[in-house]
Amino acid sequence: MLDQQGFNLWADNYDKTVQISEENNEYPFAGYKEILNTIYKTIMEEAHSNVLDIGFGTGILATKLYEAGHQIDGIDFSTRMISIAQAKMSKANLLEWDISKGIHPDIRGNQYDFIVSTYALHHLTDKEKVPFIRELLSLIKDDGKILIGDVAFETREQLNACRHNNIDHWDHDEFYFVYEEIKLALEHICHCEFHKVSHCGGIIVITK
Ligand SMILES: C[S@@+](CC[C@H](N)C(=O)[O-])C[C@H]1O[C@@H](n2cnc3c(N)ncnc32)[C@H](O)[C@@H]1O
């Protein structure tokens, strides 16, 4: 799994790597643009909302929202990713923090209209995802939404089939969402929906 330093080294080439994988409709980024656009359009249904982006990277999604007048807070543990994103969003509140420790203390009392996370939460194990999402739920308003776009599958069988088809470049250190499993783990605390976008990507929408 990439650590902070790994993401620092990847940061300057990140957008290009994503573009190539997405244009070839390949694992892991097949459907990337549609996933980000769908999340963008959902947020744009409200004007001037406040948004928390977890693992914003170079800020591809957050920058579009920022330019459209939304208030952006973000968390990422890569200093290089943060400096690329901050250069595009001078007034965004971008915090350096490792989400395996939960949410940054400075934003624990905040209430967001939307929390977004694209291609970042697969760095948490399945066991870590549940308490982390529980913590995110405490940070959204009653009618707020958590929008997670990532490598994601409806079932474990579909994940295994994708791994089999991509075994030569599968990342064995990442923990991709299996919707039917995460839904079951969260069923007592929130409502979940899954929108499949590509053979290996989709959006999980979580509401209270
Ligand atoms: C694959 S990039 C996704 C970037 C962006 N959200 C996108 O959709 O293009 C993953 C991002 O999550 C960040 N990240 C990974 N693990 C993290 C952790 N434990 N804590 C905070 N940020 C993390 C990385 O630094 C990187 O910027």
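Conventions used here
Sequence order as written defines the numbering, with residues in each chain counted from 1. For this predicted model, a pLDDT threshold of at least 70 governs which residues receive local features, and a threshold of 80 or more governs which side-chain atom pairs are given and counted, while totals over whole chains, interfaces and linings are taken from all residues. Calculation of side-chain values draws on the structure's entire complement of heavy atoms; hydrogens and water are dropped beforehand. Here the nonpolar core consists of buried residues drawn from Ala, Val, Leu, Ile, Met, Phe, Trp, Tyr and Cys, with membership extended through side-chain atoms lying within 4.5 Å. Working definition: with a 1.4 Å probe on protein chains only, accessible area under 20% of the residue-type maximum means buried, over 50% means exposed, and in between means partly exposed. Helix and strand definitions here come from DSSP, where helices need a minimum of 4 consecutive H or I residues and strands a minimum of 2 consecutive E residues; each element is numbered from the N-terminal end. Any pair of residues with heavy atoms lying within 4.5 Å of one another is described as a contacting pair. Each residue is tested against the molecule or strand, and it is near if at least one of its non-hydrogen atoms lies within 4 Å. Any pair of nitrogen or oxygen atoms within 3.5 Å is treated as a polar contact; in protein, a donor-acceptor pairing is required on top of that, and neighbouring residues in sequence qualify only through side-chain atoms on both sides. Only the protein chains shown count as covering a residue, and every accessible area follows the Shrake-Rupley method with a 1.4 Å probe. Cavity means a closed set of points on a 1 Å grid over the protein atoms alone, one where a 1.4 Å probe fits but cannot get out, pocket means an open set with protein on both sides within 12 Å along at least 5 of 7 lines, and lining means a residue has an atom within 4 Å of a point. Placement in a cavity or pocket follows one criterion, namely that more than half of the molecule's atoms lie within 2 Å of its grid points. Note on residue classes: Ala, Val, Leu, Ile, Met, Phe, Trp, Tyr, Cys and Pro are nonpolar, Asp, Glu, Lys and Arg are charged, and everything else, Gly too, is polar.

> Pulling in residues and values, what's your account of the nonpolar core?
Of all hydrophobic cores here, the largest spans 41 residues; its most connected members are Ile39, Ile43, Ile72, Leu94 and Phe153. Sorting the residues of this core by element identifies α2 (14-23), α3 (32-44), α4 (60-67), α5 (79-88), β4 (112-118), β5 (140-153), α7 (156-165) and β8 (201-207) as the ones contributing at least two each. Here the element with the most residues in this core is α3; it accounts for six residues. Among all residues touching Ile39, those that are not within four sequence positions of it are Leu61, Val116, Thr118, Leu147, Gly149 and Ile203. Within the second largest apolar cluster, 31 residues are counted, among which are Ile99, Ile148, Leu186 and Cys192.

> Can you break down the site of the ligand residue by residue, with the values?
Among the 17 residues in the neighbourhood of the ligand, the closest are listed as Tyr14, Tyr32, Gly55, Asp76 and Thr118. Within the contact set of the ligand, an oxygen atom lies 2.6 Å away from a side-chain nitrogen or oxygen of Tyr32. Separating an oxygen atom of the ligand from a side-chain N or O atom of Thr118 is a distance of 2.6 Å. Bound to the protein, the ligand loses 96% of the 590 Å² it would expose on its own. Of the pockets mapped on this structure, the ligand occupies the largest pocket. Along the lines of polarity and charge, the residues of the shell around the ligand split into 10 nonpolar, five polar and two charged.

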